[in-house]
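The residues making up each chain are set out below.
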Amino acid sequence: MWNEVLPAASGESRGPPRFTDEVPANKLPANISVDLKHLMWNEAECASNNLLGSRCDGSLRQKWLVNAQKKQELASANLRAALEANAFCNSTILQIKRQALAAGEAALAGSWLLAAQHESMEAPRDMETKLWTGLVVAARTASVSLHFAACGEVEKASRFQDDYDQAWAEIEEPQPSKDWFPDVSSAT
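Residues numbered from 1 in each chain as written. Predicted model: local features only at pLDDT ≥ 70, side-chain atom pairs only at ≥ 80, totals over all residues. Heavy atoms only, no water.

S.K.: I'd like to hear about the packing of helix α5 (residues 129-150) against helix α6 (residues 154-169), residue by residue, with values.
M.R.: In the contact formed by α5 and α6, the axes pass within 8 Å of each other and the chain directions differ by 165°. One finds that α5 runs roughly antiparallel with respect to α6. In this structure, α5 crosses over α6, and the sense of that crossing is left-handed. Contact residues: Leu135, Val137, Ala138, Thr141, Ala142, Val144, Ser145, Phe148 and Ala149 in α5; Lys156, Ala157, Phe160, Gln161, Asp163, Tyr164, Ala167 and Trp168 in α6. Classifying every residue of the contact of α5 with α6 by side-chain character gives 12 nonpolar, three polar and two charged. (Axes fitted to C-alpha atoms, helices over the stretch in contact; angles between N-to-C directions. Helix = DSSP H or I, 4+ residues; strand = E, 2+ residues; numbered from the N terminus. Parallel < 35°, antiparallel > 145°, perpendicular 65-115°, else oblique. Left-handed = near helix turned anticlockwise from the far one by under 90°. Contact = heavy atoms within 4.5 Å. Nonpolar A, V, L, I, M, F, W, Y, C, P; charged D, E, K, R; others polar.)

S.K.: Before we move on, can you summarise the confidence of the model for the protein with the specific residues and values?
M.R.: Averaged over all residues, the pLDDT of the protein equals 90, while 86% of them reach at least 70. Low pLDDT (under 50) marks residues 1-10, which in the prediction has 20 contacts with non-local residues, meaning those over four places away or in another chain. (pLDDT = per-residue confidence, 0-100.)

S.K.: Can you explain the nonpolar core? Please cite residues and give values.
M.R.: Membership of the largest hydrophobic core comes to 35 residues, with the highest contact counts inside it found for Leu36, Phe88, Ile93 and Trp168. Secondary structure elements with two or more residues in this core: α1 (30-54), α2 (58-85), α3 (90-106), α5 and α6. Ranked by residue count, the leading element in this core is α5, at eight residues. Trp168 has contacts with Leu28, Ser33, Leu36, Lys37, Met40, Leu135 and Ala138, leaving out every residue within four places of it along the chain. (Core = buried A, V, L, I, M, F, W, Y, C linked by side-chain atoms within 4.5 Å. Buried < 20%, exposed > 50% of the residue type's maximum accessible area, 1.4 Å probe, protein only.)

S.K.: Lay out the packing of aromatic side chains in plain terms, naming residues and giving numbers.
M.R.: Within the structure shown, the criterion is met by four aromatic pairs. Measuring from ring centre to ring centre gives 5.1 Å for Trp41 and Tyr164, while their planes differ by 50°; the resulting arrangement is tilted. On the criterion of sequence distance, the pair formed by Trp41 in helix α1 and Tyr164 in helix α6 is long-range, its members being 123 residues apart. Grouping residues by exposure puts Trp41 and Tyr164 together as buried. With 5.9 Å between their ring centres and 45° between their planes, Tyr164 and Trp168 make a pair best called tilted. Residue Tyr164 and its partner Trp168 are located together in helix α6, separated by four residues, close to a single helical turn. Taken individually, Tyr164 and Trp168 each receive the classification buried, so the pair is uniform in this respect. Three or more aromatic residues link up through ring pairs in this structure, and these residues are Trp41, Tyr164 and Trp168. Above the plane of the ring of Trp64 lies Lys63, whose end atom (NZ or CZ) is 4.5 Å from the centre. (Phe/Tyr/Trp six-rings, centres within 6.5 Å; stacked < 30°, edge-to-face > 60°. Lys NZ or Arg CZ within 6 Å of the ring centre and 35° of its normal.)

S.K.: Requested: an account of the side chain of Glu45, with residues and values cited.
M.R.: As for its placement among the helices and strands, Glu45 is situated in helix α1. Apart from the residues lying within four places of it in its own chain, the contact partners of Glu45 are Lys71 and Leu146.

In structure tokens form, the structure reads like this:
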């Protein structure tokens, strides 16, 4: 079911998610954004590493597959944290995971342009279209970064990773300012 709720890690029901199709998100909430960002990146990198491993032999194959396993473990932890935050229904979190998988596979589709134009999954109903579009832009940017990394073009990969961070920042709720508390150190 599209809006099913998985039980919390403690076994208790999480209750309804914060966002629904009646009240969709227009930005990613601060309490879940970092986990979703890392879920997107780690899942995409896992997919591209698995593909690289499947195209190699011997120790190089093993290297890529071990890297893929490490990224999968990180992605799984990010997935659990994102589900636990209960901002979105399970199917939305899994749709983000599917978009990341598409990004990772597209990274090795042949050219950076194919990576940049990979398919957009259908927007979840508990996200406004503009938010989902921004998330897809971030996924495509990650895909291009992973493409260049796989080609050994580290400088280009790094620039696109910076672009990924910027694209992600554009879809997040503003972070609370650290200096909104008054300075009381000089008060007597």
